[in-house]
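Architecture and fold: a report
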4 protein chains.
Amino acid sequence: MEIGVVGLGNMGSAIAANLIAAGHEITVYNRSPEKAKKLLALGAMLAHDPAGAANGDIVITMLANDDALEKVAFGEDGDGLIEHQGKSTVHLSMSTISAQLARKIAAASVAANKPFVSAPVMGRPDVAERGELIVMAAGDKSSIARCKKAFDAIAKSVHVVGDRPERANIVKLAANFMISAMIESFAEAFALLRKNDIDHHLFLQIMATEFFKSPIYEKYGKIIADEQFDTGAFTVKLQEKDTRLALAAAIESEVPMPFLNVIENAFLSAIGHGKGELDPCVIAEIAAENAGVRIRAKR
Amino acid sequence: MEIGVVGLGNMGSAIAANLIAAGHEITVYNRSPEKAKKLLALGAMLAHDPAGAANGDIVITMLANDDALEKVAFGEDGDGLIEHQGKSTVHLSMSTISAQLARKIAAASVAANKPFVSAPVMGRPDVAERGELIVMAAGDKSSIARCKKAFDAIAKSVHVVGDRPERANIVKLAANFMISAMIESFAEAFALLRKNDIDHHLFLQIMATEFFKSPIYEKYGKIIADEQFDTGAFTVKLQEKDTRLALAAAIESEVPMPFLNVIENAFLSAIGHGKGELDPCVIAEIAAENAGVRIRAKR
Amino acid sequence: MEIGVVGLGNMGSAIAANLIAAGHEITVYNRSPEKAKKLLALGAMLAHDPAGAANGDIVITMLANDDALEKVAFGEDGDGLIEHQGKSTVHLSMSTISAQLARKIAAASVAANKPFVSAPVMGRPDVAERGELIVMAAGDKSSIARCKKAFDAIAKSVHVVGDRPERANIVKLAANFMISAMIESFAEAFALLRKNDIDHHLFLQIMATEFFKSPIYEKYGKIIADEQFDTGAFTVKLQEKDTRLALAAAIESEVPMPFLNVIENAFLSAIGHGKGELDPCVIAEIAAENAGVRIRAKR
Amino acid sequence: MEIGVVGLGNMGSAIAANLIAAGHEITVYNRSPEKAKKLLALGAMLAHDPAGAANGDIVITMLANDDALEKVAFGEDGDGLIEHQGKSTVHLSMSTISAQLARKIAAASVAANKPFVSAPVMGRPDVAERGELIVMAAGDKSSIARCKKAFDAIAKSVHVVGDRPERANIVKLAANFMISAMIESFAEAFALLRKNDIDHHLFLQIMATEFFKSPIYEKYGKIIADEQFDTGAFTVKLQEKDTRLALAAAIESEVPMPFLNVIENAFLSAIGHGKGELDPCVIAEIAAENAGVRIRAKR
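Criteria and thresholds
Residues numbered from 1 in each chain as written. Chains lettered and ligands numbered in written order. Predicted model: local features only at pLDDT ≥ 70, side-chain atom pairs only at ≥ 80, totals over all residues. Heavy atoms only, no water. Helix = DSSP H or I, 4+ residues; strand = E, 2+ residues; numbered from the N terminus. Buried < 20%, exposed > 50% of the residue type's maximum accessible area, 1.4 Å probe, protein only. Least-squares fit on C-alpha atoms with pLDDT ≥ 70 in both. Contact = heavy atoms within 4.5 Å. Buried area = accessible area lost by both parts, 1.4 Å probe. Salt bridge = Lys/Arg side-chain N within 4 Å of Asp/Glu carboxyl O. Polar contact = N/O pair within 3.5 Å; in protein donor to acceptor, adjacent residues only side chain to side chain. Nonpolar A, V, L, I, M, F, W, Y, C, P; charged D, E, K, R; others polar. Phe/Tyr/Trp six-rings, centres within 6.5 Å; stacked < 30°, edge-to-face > 60°. Lys NZ or Arg CZ within 6 Å of the ring centre and 35° of its normal.

Residue and element names in this part refer to chain D. Residue placement: His-48 occurs in the loop between strand S3 (45-46) and strand S4 (58-61). Accessibility expressed as a relative area gives 72% for His-48, which makes it exposed. Between the C-alpha atom of His-48 and that of Val-28, which follows or precedes it by 20 residues, the distance is 8.8 Å.

This part is about the relation of the copies chain A and chain B. When chain A is fitted onto chain B, the two copies agree to an RMSD of 0.0 Å after a turn of 180° and an axial shift of 0.0 Å. The superposition operator between the copies reduces to a two-fold rotation axis. Among all residues of chain A, the minimum C-alpha distance to the rotation axis is found for Ser-214 of chain A, at 2.5 Å.

A word on the environment of Asp-152 of chain B. Residues and elements named next belong to chain B. Mapped onto the elements, Asp-152 comes out in helix H8 (residues 148-154). Accessibility expressed as a relative area gives 48% for Asp-152, which makes it partly exposed. With 59 residues separating them in the primary sequence, Asp-152 and Phe-211 have C-alpha atoms 33 Å apart.

If you check the backbone angles, Asp-197 of chain A has positive phi at about 55° while not being a glycine. Tracing the backbone through its elements, the reader meets Asp-197 of chain A in the loop between helix H9 (166-195) and helix H10 (200-211).

Take the interface of chain A and chain B next. Each partner contributes residues to the interface: chain A has 57 residues there, and chain B has 57 residues. At the boundary of chain A with chain B, total buried surface from both sides reaches about 5,200 Å², with 75% on carbon and sulfur atoms. Considering only the side of chain A, the residues that lose the most area to chain B are Met-178, Leu-192 and Phe-259 of chain A, jointly responsible for 14% of the buried surface there. Seen at the junction of chain A and chain B, the total is zero salt bridges. On the surface where chain A and chain B come into contact, there are 19 residue pairs in polar contact (both at pLDDT 80 or more). Taken together, the elements giving at least two residues each to the side of chain A that touches chain B come down to strand S8 (133-138), strand S9 (155-162), H9, H10, helix H11 (215-226), helix H12 (236-252) and helix H13 (258-272) of chain A. Grouping the amino acids of the side of chain A that touches chain B by side-chain chemistry returns 40 nonpolar, eight polar and nine charged.

Let's shift gears to the packing of aromatic side chains. Enumeration according to the criterion identifies 28 aromatic pairs over all chains in this entry. Residue placement shows Lys-104 of chain D over the ring face of Phe-74 of chain D; its charged tip is 5.1 Å from the ring centre.

Turning to the interface of chain B and chain D, a few remarks are in order. A common measure of how large an interface is: the accessible area buried when the components associate. Every contact between the two is made by 16 residues of chain B and, on the other side, 16 residues of chain D. Carbon and sulfur atoms make up 61% of the surface buried where chain B meets chain D, a total of about 1,200 Å² over both sides. When the buried surface of chain B facing chain D is broken down by residue, Ile-251, Glu-254 and Leu-268 of chain B rank first, second and third, together holding 41% of it. On the surface where chain B and chain D come into contact, there are two salt bridges. Across the salt bridge formed by Arg-244 of chain D and Glu-254 of chain B, the nearest N and O atoms sit 3.9 Å from each other. The tally of links from chain B across to chain D stands at four residue pairs in polar contact (both at pLDDT 80 or more). If you list the elements that add at least two residues to the side of chain B that touches chain D, you get helix H12 (236-252) and helix H13 (258-272) of chain B. A total of seven residues in the side of chain B that touches chain D trace back to one element, the largest contributor, which is H13 of chain B. Along the lines of polarity and charge, the residues of the side of chain B that touches chain D split into eight nonpolar, three polar and five charged.

Given below as structure tokens:
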């Protein structure tokens, strides 16, 4: 298939590379074109604006936040991606964005009679590189069906959430919330254990391996227990952005979510203490400091 | 080995039955002796007071709360279990109790020169029946070693936390906290999804099977998603008791734990709304009601 | 002076009436004109659109929320109040709106070279009727100075917060937060007292009269202690709207505010339980119900 | 009257001095007797144990915490104040203690047929020195009546809460909660204002003088706005102790109090960050730091 990929951060680049590897014809666009180099070497073509990537079978957008996607979708003067998108080109939005923006793009796409699928993903960049993302997709069935071969190349599973695109985004935000809640749970438990001079690595083992039996608990728990917060994989600031979107969805929906408030405040406190560029797991350091436990982080 | 079992609730009875099945000689005591019937039929002997079960190789106490264990351990007039415990009989305390009481019993045991091991467990009654408990043990090494055959009959793993008995209790309370945090996380996420008419069973599947890949997430998530809160396995009131102990440990240790506060308040609210005898997962109903989602619980 | 008043809810009407009483020439506009009747009888003139009220010395806008003010200020097709505002007419915005919208209107006013003062107020409608509002004003000094006679007619005090208009809005949102925090404080304290069968009216007297010596504590405390939540003065839904704006300001500013989260959740829970049209003080009922205290509200 | 005063901290000393000034015959006791010097110079007599002060008309206990009062009341081997208290001597307990201990002393006093009145106070040491404490008293009416002349010398008002002594303590803990809630409210509001470069002294003036019109808001707000946290009047650690008692009362009563949790966590965080000996208002510094506002405290 002919597929455009707009947005070549860690996630977008990994997705594009996997699509190329699966034999698709890829056209890429990124605001700063040097990020495209590696993909061009793999055989991708370069578009000079988002519109230039929007006339194949699918155009994937994978951008950093609402602002970036809004600019791409609507352009500065109404001449954005939606305007130039092919009549049969599916706009496959994989960014983590607000339900509100998903709704707005969906409405504009309906008005322009252009197919739109919202399909945010779970998985950090290393998971994207392995082509093992979890996709949550929403939109009309036939449009989703037309993305199947693209999904095959980048995801280990695709979950169809329904036909209203923004619902996929709410599912994604709720999933992010579950991850952050696990991190904060470890953060507080470890603070309690460490204050009592108890080996938190042992606790991690009991929890991750014996009890929850979850590789995700192992992975995140290890980052926290080892105090290795310069993973480079993700940052507090990015996770806070996603948490903020979840909070916006909660308030718009009039749903009290006290855990979500605690999480948002933990991320804000981490930023306030100058830890915004570290791994989100660094909120464990905030919890430990509030408990009077001094962490000699191995940075 | 000769083993006494004091306290024949669901947990104590399941432990005693597994010890009998493994060939140990069991003497049981319970305040209301009718609970012993089934075990007597399996070959257990009946003691008429805790002291009567405290002179074999091990005496296990498995009681409902601090009060119950304190009465057993110290008696009404100083003539409790510790007083009558054999010099070489290990008192193996498996109840979920406060760090404070564990410390007090440890001190009294040292003063009386009687071996004491604190070894609370993870696992609901069905897990205890299958002999698959997770044990967290603390005390002196030789005393813990002498309990090995008992552990073999009732547990799938034993984790030695250290030599200060109360630390095993703090680990147990921290583990309970992790479970409650998972429940509240689901509760809030489901409230958000349901308010937006999104299928929360699908979310559960993505989370439990695809992402966390955790049988515990599956088990608890299913209770919540199915709104089957009359499991009989455990109750809000019991979980609130354990949460209260965790909170006491946190405050005594001067560790702020905002998630723990949210959890405690959720359980108190459930009690306040007359749901104290239902499964702890019923806090999802509280979250849903606060969000204006009416649950037609299938009770 | 010639003063336009756009928005004739309880607050706007009371302000207009006081301006008339002080001898000013008033032109009023409201989307549904029947609300103007009483003011016309007092001598006001009627405008047929916001622009028609925007060419005197001052045009006051007092609208229900961001949406309403945004429509008035910018119109549907760019032909809003700012467009038609006289070159020397001060737009005096008294609505409780987001810092974000204040910033947007300020920027548009600068671009159009029209004077803009943001001046939200404290005081419920009865205070507005008595002309005793507290005004927090921000904008350029000369524009604020030109509003002096209008302020004299409606306010007991005017506080100049600075020259960046949105700062007045943040002060207003922070002030609202202080009120809500007082309400929630009473709510929780009363729940504790009532659960212990202690006379909460006595507590109110000690707090309001003896200790804080604050008429505001007396006023709000009495509503809560008397459980008279159908005051008609204000509603949970309106207060939640303001709280939401405060939360938006907090998050935009990256300021963790856990009390604010508790308050927002309390209002959302009140809405979720069908109490959204009652006085904001009704969150005391939520606190009492969560504590298992049944309130026989005298509704 | 003949009055014993047990416990000569800042509060007890001020109370004793005022009683002497009012013409009463005072016998004092303190564990470290040097604290009695100033009072002896004013005419007080010195007792060598609590019992030695417990045979006049009244014996006041004013001690730092539960532990201290429990030791005085019950002694080490059952030979405490209650044992030696005169049959007609009213034990007037003014310490801020838990409801639980008040209940325990009340029960022991009834069993020994000795009069007991629980009468905790509001007011920092400077208020005590001026004889302007607010007293909340509970116990049987005749015993309270017999304390009238003592109250006249030390308090500006006495509020009778009922006949069950521990209720006065719950009222006191609830009142403390109201104060802490006001502090945290200012702390968060100021953090928001400062992050937006808004003058928080102006906000304080609007709130304290114009809106709440409360001298208490003025007093505490000024400490916070001036960042003068070495008042010497009270400390985080002492306030945290009282908050902990309130939390114990809330949990024992099964009353969710989310504000109280936030407050307790704020105090614990202050302790964790080494600010435990400063004024409780220092939690404003914690809020500011979490918001990324650096405070140049004038210490």
